[in-house]
Protein chains: 10
Amino acid sequence: MLFHVRMDVHVPYGADSNHIDKLRLDEKARAQQLPCDGTWRHLWRIVGEYANISIFDVESSDKLHEILTSLPLFPFMQIKVTPLCRHPSAIASDSD
Amino acid sequence: MLFHVRMDVHVPYGADSNHIDKLRLDEKARAQQLPCDGTWRHLWRIVGEYANISIFDVESSDKLHEILTSLPLFPFMQIKVTPLCRHPSAIASDSD
Amino acid sequence: MLFHVRMDVHVPYGADSNHIDKLRLDEKARAQQLPCDGTWRHLWRIVGEYANISIFDVESSDKLHEILTSLPLFPFMQIKVTPLCRHPSAIASDSD
Amino acid sequence: MLFHVRMDVHVPYGADSNHIDKLRLDEKARAQQLPCDGTWRHLWRIVGEYANISIFDVESSDKLHEILTSLPLFPFMQIKVTPLCRHPSAIASDSD
Amino acid sequence: MLFHVRMDVHVPYGADSNHIDKLRLDEKARAQQLPCDGTWRHLWRIVGEYANISIFDVESSDKLHEILTSLPLFPFMQIKVTPLCRHPSAIASDSD
Amino acid sequence: MLFHVRMDVHVPYGADSNHIDKLRLDEKARAQQLPCDGTWRHLWRIVGEYANISIFDVESSDKLHEILTSLPLFPFMQIKVTPLCRHPSAIASDSD
Amino acid sequence: MLFHVRMDVHVPYGADSNHIDKLRLDEKARAQQLPCDGTWRHLWRIVGEYANISIFDVESSDKLHEILTSLPLFPFMQIKVTPLCRHPSAIASDSD
Amino acid sequence: MLFHVRMDVHVPYGADSNHIDKLRLDEKARAQQLPCDGTWRHLWRIVGEYANISIFDVESSDKLHEILTSLPLFPFMQIKVTPLCRHPSAIASDSD
Amino acid sequence: MLFHVRMDVHVPYGADSNHIDKLRLDEKARAQQLPCDGTWRHLWRIVGEYANISIFDVESSDKLHEILTSLPLFPFMQIKVTPLCRHPSAIASDSD
Amino acid sequence: MLFHVRMDVHVPYGADSNHIDKLRLDEKARAQQLPCDGTWRHLWRIVGEYANISIFDVESSDKLHEILTSLPLFPFMQIKVTPLCRHPSAIASDSD
């Protein structure tokens, strides 16, 4: 099942930079690990913002919640989830 | 170059239904024709709304404007374009 | 899978009242028919507004889209879907 | 009487983590205790957010205010209350 | 139980003026009739707008919904209901 | 002259709790003192929020500004003032 | 007493142009008549919009409501009233 | 040339009170000095808010920017500038 | 003096197409005529929208208002004007 | 390819002033360096705000993201990017 997820990251001024840097590395590791199993199908940056847009393909909403809340930077993210469904005009197989 | 495009369709009450139906068929034909050349990479419906989210891969902003304004239902659409760029954590080739 | 759905109904001034009345009857019939199979788990009115809040339990987002867009009053509705998941503190079985 | 309540939790960066963890445990204990008497009828998480949606069944607005403001995490919550009423199309008894 | 209700009236251009005038008279008659039983405790106009703010004292949310949706101008109103409760610092008896 | 005033209180995390508690007591004392002379005609809490709605009856806007800015919690309040006037359908004398 | 008033005019497409032209002339006549007695102290256009900002000096909110709702173009206006008071740093007498 | 300027002041909690008090005195001195040359034509407080509305008469936008950014409290202000022009119905000379 | 102007065009459904087409031609003629004297310095389309962003260089706000309100499509435009001033880091002469 | 970029700068209270001053100098140096190659075509200040509007001419969205995120003050900026395209009515060559 497909979900559109926008994540905006806001690191508060004064946050310990070593701690944040570590979280970013963890985040990157986790993001690169998830797409391998086809769950995190797409991931793009929004130009000029510390934000991204993703398409997730998960078996359930519970699974998506588990993935998102386990992201290392989750405490600094504002997340907006929008459920999607197939469009009859789409023919590219990766949009299934 | 990648752009995220959200289109919301608002058909005014009282619009000639035959005319609108024809526009919808034209729209569908055009949407199915464009993805063939890789321009309209993804197309999803937003659940419960007469709206969709697309990812376009075009050579220039001018080209995207030309495509969007030539859609048969364009006069009834509210469109929001967000430029995207590659995310270093994305590995799926279809997100290039 | 659980979804929170808010529907706001806006009937345009000048709409044919007989037609709208028929749509309302169809809507009511459909709303009463769906809960029987457990799909439309909850349905409440928002006090003072021509709007309601529902909880749907569906197998997929595609199924929810099919149900919502087939509602007789859909063309006059503004719909907002929010995916939900179980809360560990909830113990009432009807919230599964 | 039924009320729809959305709670968004915002824990400020730098808050004492031991204190917050204790508040979360207290919150969980309180949330699990209340539904037993039928007051806190439903409780769902919003996917991807530190937020939840509840349905309360209380005898008065004063009672609801007392419950909400006594939640351990109340100082970190943004709360929005919407009064509901029965929908004639709802037949499930738990929506009374 | 106390509710704060803001009503904004929007009469569409082109509406039959005789019909609207009749609705306004009906509305006035109904508004003057309700306060007698203490239900419609306060009613004020917002300066410069075709809008008003009311305080209702009703036994239930269902009762309030019944009153508001039966107002002759209801189809032309945007209504926002906010539940209130007693403030410990208020001593005037009419705020009970 | 009547004014509708909504006050939302936001106490910043980390504020000295003794100082805030003293301000709350001062606030309560002041709120209870003002209604005696008929200035602060009504005062209600908004259910589930640290916010209230008041109706002030003052001789001038300058007087209202003086009252509001002298409230002990004023530095932590977001205030929205809406001028009201009598509604011809209101008959309760306390709404004059 | 001073009030800041912003008026935005929206004439619906299809409105009878002769009727609207007459209302505009009436509006102009009324606007020119009121400032003579010092009530309508200031009147400016907002650049690029069919909107204006005024400062009214009236004895009461009721009087302001009477003036605004009697403007010929009132049915086509969206009006926002903000109460003002003297600023201690202002020394120009016309700002009293 | 006339500009409408709204300034909202937000002093962060924890700011050094002596420093802020000095800025306020500087601000007052500056505000009282400017109107003498006709630049800062009007200055009003918004009732119940730490905010004001001003009308500036300056020779250029650059001059206005220079004035506003040199205000002692500028770092704590949210400022919104709206260009105005003469309204043909205004006859008071101070609105030129 | 420099102003940033965003214009959004909304042609109502049902508007006489011949009349609108004529307005568009007039608009184009007028837009092409103005830049010649350096007033309408820049004009860009917003991708995917029936909207544009312009930079005007005018001697006064009154002049800008006169230009904008005389545009043939003005009755169908929502216009937002933002005053600009030179940025010390800009070196391109066309940004003066 | 042309992009409209609005940058709003928010320096948090309590930020180390020496550090911020250094960032501002770096920012200025970088802004003055970029326009030389035609990338940062225009740069204007918004009157009364710590914000600016720019027009960038870049070969790709990726390039723009690289420029914007490398600005020294980027961590304190809220940035909004809008893709533009040529308007057929524009004749000034610098708007290409």
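Sequence order as written defines residue numbering, which begins from 1 separately in each chain. Written order decides the labels, with chains lettered from A and ligands numbered from 1. Totals for whole chains, interfaces and linings use all residues, but because this is a predicted model, local features are given only for residues with pLDDT of at least 70 and pairs of side-chain atoms are given and counted only at 80 or more. With hydrogens and water set aside, each side-chain value is computed from the structure's full complement of heavy atoms.

Enquirer: How should the overall build of chain A be read in this particular structure?
Expert: Comment: elements are numbered from the N terminus, with helices defined as DSSP H or I runs of at least four residues and strands as E runs of at least two. A tally of helices and strands in chain A yields two helices and four strands. Sequence-ordered secondary structure for chain A, helices as α and strands as β, is β-α-β-β-α-β. Taken over the C-alpha atoms alone, chain A extends approximately 50 × 25 × 20 Å along its principal axes. Residue contacts are defined here by distance: any two heavy atoms, one from each residue, within 4.5 Å place the two residues in contact. Nonlocal contacts in chain A, meaning residues at least 24 apart in sequence, comprise 70% of its contacts between residues at least 6 apart. For chain A, the accessible area works out to roughly 4,200 Å², and carbon and sulfur atoms hold 49% of it. Each charge sign in chain A was given a centre, from 10 positive and 13 negative side chains, and these centres are 3 Å apart. Computed by Shrake-Rupley with a 1.4 Å probe, the accessible areas treat only the displayed protein chains as cover when residues are assessed. The charged-residue count follows a simple rule in which Lys and Arg add positive charge and Asp and Glu add negative charge, with His and chain termini not counted at all. Taken as the charge centre is NZ of Lys, CZ of Arg, CG of Asp or CD of Glu, depending on the residue.

Enquirer: Explain the pairing of strand β3 (residues 51-57) of chain J to me, please; I cannot follow it from the model alone.
Expert: All names here are of chain J. For the exposure calls, accessible area comes from a 1.4 Å probe over protein chains only, and a residue counts as buried if that area is under 20% of its type's maximum, exposed if over 50%, partly exposed in between. Burial within β3 is extensive, with six of its seven residues counted as buried. Note on pairing: two strands pair once DSSP finds at least 2 bridges between them. Where strand β1 (residues 2-9) meets β3, seven bridges bridge the pair, whose relative direction is antiparallel. Its bridge partner being in β3, L2 is matched across the sheet by D57. With five bridges connecting them, strand β2 (residues 40-46) and β3 associate as antiparallel partners. Bridge pairing in β3 links H42 to I55. Hairpin connection from β2 to β3: four residues lie between these consecutive antiparallel strands, with G48 at a positive phi of about 85°.

Enquirer: Before we go on, may I ask you to explain the interface of chain E and chain D in this structure?
Expert: Where interface size is given, it is often the accessible area lost as the parts come together that is meant. The interface of chain E with chain D comprises 13 residues on the first partner and 13 residues on the second. What counts as buried area is the accessible surface, traced by a 1.4 Å probe, that two parts surrender upon association, with contributions from both included. Both sides of the chain E and chain D interface together cover about 950 Å² of buried area, and 66% of this is carbon and sulfur. Salt bridge, as used here: a side-chain nitrogen of Lys or Arg that lies within 4 Å of a carboxyl oxygen of Asp or Glu. Taking the shortest distance from any N to any O, the salt bridge between R86(D) and D62(E) comes out at 4.0 Å. Taken together, the elements giving at least two residues each to the side of chain E that touches chain D come down to α2 (61-69) and β4 (77-86) of chain E. Top contributing element to the side of chain E that touches chain D by residue count: β4(E), with six residues.

Enquirer: Is there a simple way to think about the relation of the copies chain A and chain B in this case?
Expert: Between chain A and chain B, which share one sequence, the superposing operator has a rotation angle of 180° and an axial displacement of 0.0 Å; the RMSD is 0.0 Å. Here the symmetry operator amounts to a two-fold rotation axis. Interface overlap between copies: 100% of the residues of chain A at the interface are likewise at the interface in chain B, consistent with a symmetric, same-surface contact. Our superposition of the copies is a least-squares fit, built on the C-alpha atoms of residues whose pLDDT is at least 70 in both.

Enquirer: Honestly, the sheet that holds strand β2 (residues 40-46) of chain I in this entry has me stumped. Any pointers?
Expert: Hydrogen bonding along the main chain pairs the strands of a sheet, whether they run parallel or antiparallel. Sheet architecture is closed into a barrel: eight strands sit in the order β1(I)-β3(I)-β2(I)-β4(J)-β1(J)-β3(J)-β2(J)-β4(I), paired in antiparallel fashion. Adjacent strand axes in the sheet meet at a mean angle of 35°, parallel and antiparallel pairs treated alike. Pairing between strand β1 (residues 2-9) of chain I and strand β4 (residues 77-86) of chain I: seven bridges, direction antiparallel. Paired with M7(I) across the bridge in β4(I) is I79(I). Here helix α2 (residues 61-69) of chain B sits on the sheet and contacts β2 of chain I together with β1 and β4 (77-86) of chain J; the angle it forms with β4(J), its principal contact strand, is near 70°. Helix axes use the C-alpha atoms of the stretch in contact, all axes being lines fitted to C-alpha atoms, and the angles between their N-to-C directions lie in the range 0 to 180 degrees.

Enquirer: Can you help me understand the side chain of N52(E) in this one?
Expert: Here N52(E) is to be found in strand β3 (residues 51-57). What N52(E) contacts, discounting residues up to four positions off in sequence, is V5(E), R6(E), M7(E), L43(E), W44(E), R45(E), I46(E) and H87(F).

Enquirer: I keep staring at the relation of the copies chain E and chain D and nothing clicks. Help me out?
Expert: Think of it as a corkscrew move, a rotation about one axis and a shift along it, taking one chain copy to the other. Overlaying chain E on chain D yields an RMSD of 0.0 Å, the required transformation being a rotation through 180° with an accompanying axial translation of 0.0 Å. Comparing interface residues between copies, 100% of those in chain E also lie at the interface in chain D; the contact surface is shared.

Enquirer: Hey, could you run me through the interface of chain A and chain B in this one?
Expert: In this assembly, 30 residues from chain A lie in contact with 30 residues from chain B. Of the roughly 2,800 Å² buried at the junction of chain A and chain B (both faces included), carbon and sulfur atoms supply 67%. On the chain A side of the contact with chain B, W44(A), R45(A) and S89(A) bury the most area, a combined 24% of that side's loss. Linking chain A to chain B there are zero salt bridges. Contributions of two or more residues to the side of chain A that touches chain B are made by β1 (2-9), α1 (17-33), β2 (40-46), β3 (51-57) and β4 (77-86) of chain A. In terms of residue count, the dominant contributor to the side of chain A that touches chain B is β2(A) (six residues). Only Asp, Glu, Lys and Arg are considered charged, only Ala, Val, Leu, Ile, Met, Phe, Trp, Tyr, Cys and Pro nonpolar, and every remaining residue, Gly among them, polar. Taken together, the residues of the side of chain A that touches chain B break down into 17 nonpolar, eight polar and five charged. Across three bridges, β4(A) lies against strand β2 (residues 40-46) of chain B in antiparallel orientation.

Enquirer: Even after reading the chapter, I still don't get the environment of I20(H), so can you show me in this structure?
Expert: Residues and elements named next belong to chain H. Looking at the element boundaries, I20 is found in helix α1 (residues 17-33). Take I20: its relative accessible area is 4%, and that puts it in the buried class. The residues contacting I20, other than those within four sequence positions of it, are V11, A15 and F76.

Enquirer: Is there a simple way to explain the sheet that holds strand β3 (residues 51-57) of chain B in this structure?
Expert: With antiparallel pairing, the eight strands of this closed barrel are ordered in space as β1(A)-β3(A)-β2(A)-β4(B)-β1(B)-β3(B)-β2(B)-β4(A). Going from strand to strand, the sheet's axes swing by 35° on average, the running direction of each strand aside.

Enquirer: I keep staring at the pattern of salt bridges and nothing clicks. Help me out?
Expert: Between side chains of opposite charge, pairing is possible as soon as their charged atoms come close. Residue and element names in this part refer to chain A. The final tally for this structure, using the stated rule, is 67 salt bridges over all chains. Notably, a salt bridge pairs R6 with E49, separated by 3.0 Å at the nearest N-O pair. With R6 in strand β1 and E49 in the loop between β2 and β3, this residue pair connects regions lying 43 residues apart in the sequence. Here the salt bridges do not stand alone but share partners, grouping R6, D8 and E49 into one network.

Enquirer: Where do I start with helix α1 (residues 17-33) of chain G in this structure?
Expert: Given 3.6 residues per turn, any residue in an α-helix points the same way as the ones three and four places further on. All names here are of chain G. Helices are assigned an expected span. That span is 1.5 Å times one less than the residue count. The first and last C-alpha atoms of α1 sit 24 Å apart over 17 residues, in line with the 24 Å expected at 1.5 Å per residue. Here α1 has its buried residues at I20, L23, E27 and A31. For α1, the buried positions fall inside an angular range of 70° around the axis, keeping them on one side. Projecting away from the buried face of α1 at angles above 90 degrees are the exposed residues N18, L25 and Q33. Packing partners of the buried residues in α1 comprise β2 (40-46) and β4 (77-86). The arc under discussion is defined with respect to the helix axis, by the directions toward the C-beta atoms.

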